[in-house]
Amino acid sequence: QVRLAESGGGSVQAGDSLLLSCTVSGRSLSAYNMAWFRQDPGKEREFVAADTWSEVSKNYADSVKGRFTMFRDNAKSTLYLQMNSLLPEDTAVYYCAASDHYLSRVRYDFWGQGTQVTVSS
């Protein structure tokens, strides 16, 4: 079974940058459509970004568009989220999720444990 593990979170100041990583094991990263979500305690889980297994299509939440970039390195079996110009509102636990690319509709069946991002003003 595929396993996902996020890393790269931390505490930063507003305007700083962070690079989050999601390492995929058990199966090839190329077998999955991938996404990033985030959740602050007491709030609903929020969509951040998503791509397809071939990276022909990418979607970003309006709140992060122009600041965050999602990309993958299949050779390293790692999905990335480059976060620039961070804001206090970006504070949350960030999760990566995987959907088998053979599914006719996206269904994120696999999730990582999350990595904490804290942005101070």
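Here is a short report on the structure shown in this document. (Residues numbered from 1 in each chain as written. Predicted model: local features only at pLDDT ≥ 70, side-chain atom pairs only at ≥ 80, totals over all residues. Heavy atoms only, no water.)

**A look at the packing of aromatic side chains**
Scanning all chains against the criterion turns up 5 aromatic pairs. Both rings, one in F37 and one in F47, keep their centres 5.8 Å apart while their planes meet at 75°; by these two values the pair is edge-to-face. Taken together, the residues F37 in strand 4 (residues 32-39) and F47 in strand 5 (residues 46-51) connect sequence positions 10 residues apart. On the accessibility criterion, F47 (30% relative accessible area) is partly exposed. With centroids separated by 5.0 Å and ring planes inclined at 20°, the aromatic side chains of F71 and Y80 adopt a geometry described as stacked. Its relative accessible area of 14% is what places Y80 among the buried residues. Here the aromatic cluster, defined as three or more aromatic residues joined through ring pairs, consists of F37, F47, Y108 and W111. Here the basic side chain of R45 rests over the ring of W111, its NZ or CZ set 4.6 Å away from the ring centre. (Phe/Tyr/Trp six-rings, centres within 6.5 Å; stacked < 30°, edge-to-face > 60°. Helix = DSSP H or I, 4+ residues; strand = E, 2+ residues; numbered from the N terminus. Buried < 20%, exposed > 50% of the residue type's maximum accessible area, 1.4 Å probe, protein only. Lys NZ or Arg CZ within 6 Å of the ring centre and 35° of its normal.)

**So, the pairing of strand 5**
In the sheet, strand 4 pairs with strand 5 via 5 bridges, with the strands oriented antiparallel. By the bridge assignment, M34 is partnered in strand 5 with D51. Here strand 4 folds back onto strand 5, and the loop between the two strands holds 6 residues, one of which, G42, carries a positive phi near 85°. Both strand 5 and strand 6 (residues 58-60) contribute to a ladder of 3 bridges, which runs antiparallel. Bridged to A49 within strand 6 is Y60. The turn linking strand 5 back onto strand 6 is made up of 6 residues, and E55 within it adopts a positive phi angle of 60°. (Pairing = 2+ DSSP bridges.)

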